[in-house]
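Spelled out from the first residue to the last, the chains are:
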Amino acid sequence: MWIMDCRSNRTEFPRSFFRGAPEGIWWAFVTSTTVGYGDRCPRGVLSRVFAIAWTMCGLVIIAILTGKIATVLTDFGYAGPYISLYGAEVAAIVNNSDFRLGVRKNARMNTVRNYMTYEEISQALGDKEVKGALVDLYVLSSHKHLFDDPRFRIVRVYDYKASYGVVLAGHSMKLEKCFTGHIKAHAESVFKNIEENVKILREPDQSPGEQQSTGLFDANSSQFITAVIIFTTLLALAWVLGIIYEIRRKKTSKVLKQSRDLKKEMFPILECFLTRTKEKMKVISKRHRQERCHVMRVEKEHDQQAATAVNKYYQVLSLRDITQEWSPRPTALSVKSMEVSLTNKKIRTIQRYGPLMR
């Protein structure tokens, strides 16, 4: 907002980065939280369009944040997601009791490949080849190091009856009664040995919903680290760009100040030059008018002199004509030649003084 409105609204968003940028951040925070104190408001067209877009983004961000907080406050009793085996991609040891349980539940068993060891199942879960795995609790406790991963979770326990024992054949079948009697007589020690050898699997302190919702506020979660990195990078980039802008603005202000000072120094000189030029133009125009009047008078005098000379010449010609009428008539040839000569003289006279008469 400060970048868009610092030129048209300098009172609320000063052009200085160190004074205007905090005002823009304050406006962005107040607007995004839908508080809107009204102490800062955009004035330009582009800044108002940006304000509309920022308000809509603020509504979405606040809604997401509110939903996350509500999930944290209301999801403490969340036990975990219910995953149905029907149609799910599940891994299990081939031809094991777990495998047969998955087949009975209509699960898609070992669709990627057949798993022969629990190490392969653990790797498949880590690589997300399958959605889940069916593992016996006793086996899981004895292979705890393979499944001790924060990404793995026991989502459901299925009650499935299975028998554990020794197969006897031939003469060894006579030992059945001995084994049965020993187990009944030492049942307490047998269960104690089982308890000592089987490691207890503890459920995580938080449910999946709590982990997903509180991941944004957990300093060790990837979501929190990613958000902090992005926010820090953007803030550092904005700070660097602001410093560059401030340096350029100061240089530009220095140049503008120098230009204003130079303008102040040059203004009296230019004003004096214009004044002198106007005075000289007045003198030159006055001289031009005088010379033009003089030329017009001279041309008029020349025209008058030419007209007077032409009039005198015509008077002389008319007197000659009168004297010739009273003189004796010459021969026809001489009279004709005289008329031609007089006509030629008149033509030459008119051609000579014609321009002056005009």
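Position numbers for residues start from 1 in each chain and track the written sequence from start to end. Given that the model is predicted, a residue must reach a pLDDT of at least 70 before its local features are reported, and side-chain atom pairs must reach 80 or more before they are shown or counted; all residues, however, enter totals for whole chains, interfaces and linings. Excluded from the side-chain calculation are hydrogens and water; included are all heavy atoms of the structure.

The name that an unreviewed UniProt entry assigns to the chain is Potassium channel domain-containing protein, with the source organism given as Desmophyllum pertusum. UniProt positions are given in the numbering used here, feature names are shortened, and annotations may be inferred rather than shown by experiment. Reading the Subcellular location (unreviewed entry) entry of the UniProt record for the chain gives the comment "Membrane".

Side note on a nonpolar patch on the surface
On the surface, F18, W239, I243 and I247 cluster together into a nonpolar patch covering about 400 Å² of accessible area. Labels follow the DSSP assignment, with helices taken as runs of H or I lasting at least four residues and strands as runs of E lasting at least two, numbered in each case from the N terminus. Counting residues per element, the nonpolar patch draws most heavily on helix α11 (residues 222-326), at three residues. Relative to the elements of secondary structure, W239 occurs in helix α11. Here, patches come from residues exposed beyond 30% relative accessible area and free of salt bridges, joined within 9 Å for like charges and within 5 Å for nonpolar side chains (Val, Leu, Ile, Met, Phe, Trp, Tyr). The protein chains shown are the only cover counted for residues, whose accessible areas, like all others here, come from Shrake-Rupley with a 1.4 Å probe. Salt bridges are counted wherever a side-chain nitrogen of Lys or Arg sits within 4 Å of a carboxyl oxygen of Asp or Glu.

Quick look at the sheet that holds strand β1 (residues 89-91)
Any two strands are treated as partners once DSSP identifies two or more bridges connecting them. Pairing is parallel in the open sheet, where three strands are placed in the order β2-β1-β3. Each edge of the open sheet is held by one strand with a lone partner, namely β2 (108-109) and β3 (132-133). Two elements, β1 and β3, share two bridges in a ladder whose sense is parallel. Across the sheet, residue A91 finds its bridge partner in β3, namely A133.

Description of helix α4 (residues 97-104)
A simple rule labels every residue: compare its accessible area, found with a 1.4 Å probe on the protein chains alone, to the largest value its type can have, and call it buried under 20%, exposed over 50%, or partly exposed in between. Buried within α4 are the following residues: S97, D98, F99, L101 and G102. Buried residues along α4 sit against β2 and α5 (118-126). With its phi angle positive at about 60°, N106 sits one or two positions after the end of α4. A contact between two residues is defined here by any heavy atoms of the two lying within 4.5 Å.

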